[in-house]
Amino acid sequence: SYRKGGYHAVRVGDSFNGGRYIAQRKLGWGQFSTVWLAYDTRSASYVALKIQKSAPQFAQAALHEIEVLSAIAEGDPSTSKCVVRLVDQFKHAGPNGQHLCMVLEFLGDSLLRLTKYKRYKGLELNKVREICKCILIGLDYLHRELGIIHTDLKPENILLVSAIDPAKDPIRSGRAPILEKPKGYPNGGVTMNFIEKKLKRRARRAVVGISERRASVGGIGGNPTVERCLNGIDMRCKVVDFGNACWADKQFTEEIQTRQYRAPEVILRSGYSFSVDMWSFACIAFELATGEMMFTPKCGQGFDEDEDHLAQMMELLGKMPRKIAIGGARSKDYFDRHGDLKRIRRLKYCPLDRFLVDKFKFSDTDAREFAEFLTPLLDFAPEKRPTAQQCLQHPWLNTRNLIQKEVKSESSLGKVEVGMSKLQIKVGK
Ligand code: ATP
Ligand code: MG
Ligand code: MG
């Protein structure tokens, strides 16, 4: 991908936009871009520099993303809305062409990294609630105030807010920013291609058994936000990646959302609106709490991924009402006229709360309450799903599992072992 029309190869110390930004290290990448931590010499702070591939279709996509990000920034001068902020934009000419660059506020690790760090075991419910609130604040702003649908909500597009404790942040705690190319560049230095290959190998190792989608997206981390988050410090996050966002009244494509987070009306081509984001949001909340994706559709003998996906939805959420099942432009591919799947006949129904207890060992109370929160968001009828604003009022978000730290025993070395006891206490709003 580092060829004409593709990514721009960056070396540590490279400068951008007339010397204003200096590349520090790579933060992540996507299909369209690489994202670098950069030092902004004008504001003496760190920013994320998203450098788009140069071919016309990527430039076009970047222009669209900039348009959306500008609308987001204009409507939120206080930057309190849990959505990433665009700081600057410019063009950068390199050997592979002209690259549109977006300068974004520097955020931390993605939720995907957070769940990986927890070895796919799921986060404490209190943390899930905090993260859910942030995402909902972001969605409420996008949907209600701007009329924007994100259309690609998933864990890697939600980033933790970094720099909560500047003293512990190695980048901020006195280690001077890199303002010049390290010695040995440009010839003796490590090329991005080399690093890229190494990272790919590492990523491949890290994702054995995990969906392919995850093997292909990146984030090299090295950012301490995950640890901070798990240590219980002020949990916040922001929604990023507006490359696929659209306005509800100005849609570009019928094919939206990453497979596992895709709403049924998108599969059936019944038209969509803001509520597709609410569906994805519920999938993310489930994944945070359990460590596993809610739906993992696969094709099998005689049926494709879409039909398996619909089957999995019904197994967890009950039979799709006939009217909805047969109402989409693609319905005939999957459903017969009675509203039954054509090729997958026997469904193993297991309601969400049972599933949480049986598979993930939730307590009955936790399972019931969490399922009560999620189920309305996963209504097959899109217009019945609660809006982000309504969802923010849900009592589950204001419930608390109080975790009480207590001293269990003292070893002979004088070290204190801290035990955790879970006390279920409800706290009113
Ligand atoms: P995709 O192919 O998923 O659409 P993309 O090319 O549009 O990707 P983004 O999702 O915006 O790119 O960014 C890619 C990765 O870069 C993110 O998953 C994240 O790891 C990192 N990243 C993006 N924006 C920031 C930011 N503001 N601060 C820190 N890291 C960021
Ligand atoms: Mg992305
Ligand atoms: Mg994108």
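Since the structure is predicted, the reported quantities are computational estimates derived from the model, not experimental observations.

Student: When you look at the overall build of the protein chain in this model, what are you seeing that I'm missing?
Tutor: A count of helices and strands for the protein chain gives 14 helices and twelve strands. With 429 residues in all, the protein chain has 51% of them scored as buried. Excluding contacts between residues fewer than 6 apart, the proportion of contacts in the protein chain whose partners are at least 24 apart in sequence is 66%. For the protein chain, the accessible area works out to roughly 20900 Å², and carbon and sulfur atoms hold 51% of it.

Student: Just to check I follow, could you spell out the sheet that holds strand β3 (residues 33–40) for this structure?
Tutor: Across a sheet, strands are paired by hydrogen bonds formed along the backbone, either parallel or antiparallel in direction. Sheet architecture is open: six strands sit in the order β1-β2-β3-β4-β6-β5, paired in antiparallel fashion. On the outer flanks of this sheet lie β1 (15–16) and β5 (86–94), each paired with one strand and no other. Here strand β4 (residues 45–52) pairs with strand β6 (residues 97–105) via five bridges, running antiparallel. Residue pairing in the sheet places A48 in a bridge with L104 of β6. Each of β4, β5 and β6 is contacted by helix α1 (residues 56–75), which is oriented at about 25° to β6, the strand it contacts most.

Student: What exactly am I supposed to notice about the coordination of the magnesium ion (ligand 2) here?
Tutor: For the magnesium ion (ligand 2), the full set of protein donor atoms is N157 (OD1) and D241 (OD), at a range of 2.2 to 2.4 Å. The two metals, the magnesium ion (ligand 2) and the magnesium ion (ligand 3), are separated by 4.5 Å and share D241 as a common coordinating residue. One end of the pair, N157, is in the loop between β7 (148–149) and β8 (158–160); the other, D241, is in the loop between β9 (237–239) and β10 (246–247), and 84 residues separate them in sequence.

Student: How do you make sense of the site of ligand 1 when you look at a structure like this?
Tutor: Taken together, 20 residues sit near ligand 1, with Q31, S33, K50, E105 and D241 positioned nearest. Residue E156 places a main-chain N or O atom 3.4 Å away from an oxygen atom belonging to ligand 1. Between ligand 1 and the protein, one listed contact pairs an oxygen atom with a side-chain N or O atom of D241 at 2.9 Å. Its free accessible area being 620 Å², ligand 1 has 94% of it covered by the protein chains. Within the residue set of the shell around ligand 1, elements represented by two or more residues are β2 (21–29), β3, β4 and β6. At three residues, β2 tops the list of elements feeding residues into the shell around ligand 1.

Student: What exactly am I supposed to notice about helix α9 (residues 305–317) here?
Tutor: Residue pairs spaced three or four apart in an α-helix point in one direction, given the helix's 3.6 residues per turn. With 13 residues, α9 should reach 18 Å at 1.5 Å per residue; the first-to-last C-alpha distance of 18 Å fits that figure. By the criterion of burial, α9 is predominantly enclosed, with ten of the 13 residues buried. Buried within α9 we find D306, E307, D308, H309, L310, A311, Q312, M313, M314 and L316. Tucked inside the fold, the buried residues of α9 contact α7 (264–268), α8 (275–290), α11 (331–334) and α12 (352–360). In the segment just after α9, G318 is the residue with positive phi, at about 95°.

Student: What is the right way to look at the pattern of salt bridges in this model?
Tutor: For side chains of opposite charge, pairing can occur when their charged atoms come near one another. On inspection of all chains with the given rule, the structure shows 20 salt bridges. The partner of R113 in a salt bridge is D109, with the nearest N and O atoms 3.5 Å apart. On the basis of relative accessible area, R113 is assigned to the partly exposed category, the value being 33%. The partner of R343 in a salt bridge is E307, and the shortest N-O contact between them spans 2.9 Å. Pair noted here: R343 is in the loop between α11 and α12 and E307 is in helix α9, with a separation of 36 residues, a long-range link.

Student: Is there a simple way to think about the packing of aromatic side chains in this case?
Tutor: Any pair of aromatic rings gets described here by the distance separating the centres and the angle formed by the planes. As enumerated under the stated definition, the model contains 13 aromatic pairs in all. Note on F32 and F58: the rings are 5.4 Å apart at their centroids and 65° apart in plane angle, and the pair reads as edge-to-face. Residue F32 is found in the loop between β2 and β3, and its partner F58 is found in helix α1; the two are separated by 26 residues along the sequence. By relative accessible area, F32 is classed as partly exposed at 33%. A relative accessible area of 14% means that F58 is categorised as buried. Taking 6.1 Å as the distance between ring centres and 15° as the angle between the ring planes, the aromatic pair formed by W279 and F295 counts as stacked. Residue W279 is found in helix α8, and its partner F295 is found in the loop between α8 and α9; the two are separated by 16 residues along the sequence. On the basis of relative accessible area, W279 is assigned to the buried category, the value being 0%. Using a relative accessible area of 1% as the deciding quantity, one classes F295 as buried. Three or more aromatic residues link up through ring pairs in this structure, and these residues are F281, F362, F370, F373 and W396. Lying over the aromatic face of Y7, K53 brings its terminal NZ or CZ to 4.7 Å of the ring centre.

Thresholds, definitions, all that
Residues numbered from 1 in each chain as written. Chains lettered and ligands numbered in written order. Predicted model: local features only at pLDDT ≥ 70, side-chain atom pairs only at ≥ 80, totals over all residues. Heavy atoms only, no water. Helix = DSSP H or I, 4+ residues; strand = E, 2+ residues; numbered from the N terminus. Buried < 20%, exposed > 50% of the residue type's maximum accessible area, 1.4 Å probe, protein only. Contact = heavy atoms within 4.5 Å. Areas by Shrake-Rupley, 256 points an atom, 1.4 Å probe, with all protein chains shown as cover. Pairing = 2+ DSSP bridges. Axes fitted to C-alpha atoms, helices over the stretch in contact; angles between N-to-C directions. Donors = N, O, S within 2.8 Å, 3.2 Å for Na, K, Ca; no water. Near = heavy atom within 4 Å. Polar contact = N/O pair within 3.5 Å; in protein donor to acceptor, adjacent residues only side chain to side chain. Expected span 1.5 Å × (residues − 1). Salt bridge = Lys/Arg side-chain N within 4 Å of Asp/Glu carboxyl O. Phe/Tyr/Trp six-rings, centres within 6.5 Å; stacked < 30°, edge-to-face > 60°. Lys NZ or Arg CZ within 6 Å of the ring centre and 35° of its normal.

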